[in-house]
Amino acid sequence: MTFLRKLALSASVIALGCSSALAADLTVGFSQIGSESGWRAAETSVTKLEAEKRGIELKFADAQQKQENQIKAIRGFIAQGVDAILVAPVVATGWEDVLTEAKEAEIPVILLDRGVDAPQDLYLTSVASDQVKEGRVAGEWLATTVGDKPCKVVELQGTVGSTPAINRKKGFEEAIAGKANITIARSQTGDFTRAKGKEVMEGFLKAENGGKDICAMYAHNDDMAVGAIQAIKDAGLKPGTDILVVSIDAVPDIFAAMVAGEANATVELTPNMAGPAFDALDAFLKDGKQPEKFIITESKLYTPADNPQGEYDNRKGLGY
Ligand code: AHR
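Residues numbered from 1 in each chain as written. Predicted model: local features only at pLDDT ≥ 70, side-chain atom pairs only at ≥ 80, totals over all residues.

## So, the packing of helix α2 (residues 38-53) against helix α10 (residues 274-287)
Helix-helix packing is described using two parameters, namely the angle between the two axes and the distance between the axes.
Then, in step 1: Two elements in contact, α2 and α10, have axes separated by 9 Å at closest approach and are oriented at 35°. Here the hand of the crossing between α2 and α10 comes out right-handed. Here Val46, Thr47, Glu50 and Ala51 of α2 come into contact with α10, specifically with Ala274, Gly275 and Phe278.
Then, in step 2: Considering only residue class, the contact of α2 with α10 consists of four nonpolar, two polar and one charged. (Axes fitted to C-alpha atoms, helices over the stretch in contact; angles between N-to-C directions. Helix = DSSP H or I, 4+ residues; strand = E, 2+ residues; numbered from the N terminus. Left-handed = near helix turned anticlockwise from the far one by under 90°. Contact = placed C-beta atoms within 7 Å. Nonpolar A, V, L, I, M, F, W, Y, C, P; charged D, E, K, R; others polar.)

What follows is the structure, given as structure tokens:
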């Protein structure tokens with residue numbers, strides 16, 4: 001965005017007497033990954049709502065899990081001359097060229113919920129959780145829960161090459177590093193989907209004495225955990241009791257599983273990445289204020305002691 005364009009936008013905000021809302025004629029492109037999980041669906045709904053609340057015209061592009069579609073969408077937004085671009089990058093690498101094109105067009109880019117391996121000056125800010133911490137919180141919960149008992153863990157990883165898959169694995173491994181009794185016996189991607197989570201868990205169960213040798217299942221998101229829970233039940237075992245279930249996101253379905261005694265812990269990931277992103281964009285366009293490079297959302301642990309029915313009720317209307 002040119003300096004003059006920014007000035008014009010600021011002037012229209014002042015003329016409208018808006019103190020926090022962005023100029024009503026602001027157009028923002030949003031390149032979303034797809035709809036692989038309940039959390040992703042909620043992030044899409046919340047982003048649309050946040051845009052509407054602020055009078056922003058949101059141009060939405062669903063990449064159906066493909067980076068090439070995201071790059072195409074971003075190039076389309078640049079060609080249309082949008083005022084800013086939000087992107088949830090499916091994988092970490094391969095963004096430098098298109099982000100450089102956005103920078104040359106003076107269009108600020110904000111990353112949502114996942115990171116990129118690219119120079120930091122190519123994006124305005126990144127709104128995401130501390131994904132290493134999420135993995136660590138899950139691992140610490142497991143370490144505390146099993147104590148000194150021997151515990152073979154199976155791990156369902158997120159999409160290969162995505163920052164949450166890389167970082168949630170790292171954080172979990174860090175948390176159990178000093179615990180010789182806890183080992184990750186098997187680890188495979190379930191691509192953040194329920195169907196893949198179930199399929200991969202079926203394989204783990206077969207390979208581990210029908211599941212009798214598995215003490216815990218750690219999934220990088222709740223959707224894969226929900227799929228895995230079904231596989232555990234189909235194998236004649238009790239999820240949550242015979243095999244501990246710990247995952248990340250805090251979507252309504254995992255709270256329903258907790259109510260049923262079939263899940264033990266989840267780490268919350270807010271679907272509202274767009275609120276902080278639009279606030280940062282607002283301040284940048286109005287006053288030229290550079291936001292923090294990394295805006296970090298909270299990572300709170302929930303267990304069955306945290307009123308799972310209430311948490312389910314609070315979240316179920318949010319577009320999950
Ligand atoms: O990038 C965030 C992750 O992507 C969420 O944990 C997962 O559910 C989603 O698909």
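Past the structure itself, the notes keep going.
## Observations concerning the environment of alanine 61
Then, in step 1: Along the chain, the position of alanine 61 falls in strand β2 (residues 57-62).
Then, in step 2: Taking the C-alpha atoms as reference, alanine 61 lies 9.6 Å from phenylalanine 77; in sequence the two are 16 residues apart.
Then, in step 3: Beyond its immediate stretch of four places on either side in the chain, alanine 61 contacts Gly29, Phe30, Ser31, Gln32 and Ala73.

## Side note on unusual backbone geometry
Then, in step 1: Even without a glycine there, the phi angle at glutamine 64 is positive, about 50°.
Then, in step 2: With a phi angle near 135°, aspartate 249 is a residue other than glycine that sits in the positive phi range.
Then, in step 3: Looking at where aspartate 249 falls in the secondary structure, it is placed in strand β9 (residues 244-249).

## Here's the deal with the sheet that holds strand β12 (residues 301-302)
Then, in step 1: Spatially, β7-β6-β8-β9-β10-β12 is the arrangement adopted by the six strands of the open sheet, whose pairing is mixed. In the strand order of this sheet, the two ends are held by β7 (182-189) and β12, each with one partner.
Then, in step 2: Examined bridge by bridge, strand β6 (residues 151-157) and strand β8 (residues 216-219) share four bridges and lie parallel to one another. Among the inter-strand pairings, glutamate 155 is bridged to a residue of β8, identified as tyrosine 218. (Pairing = 2+ DSSP bridges.)

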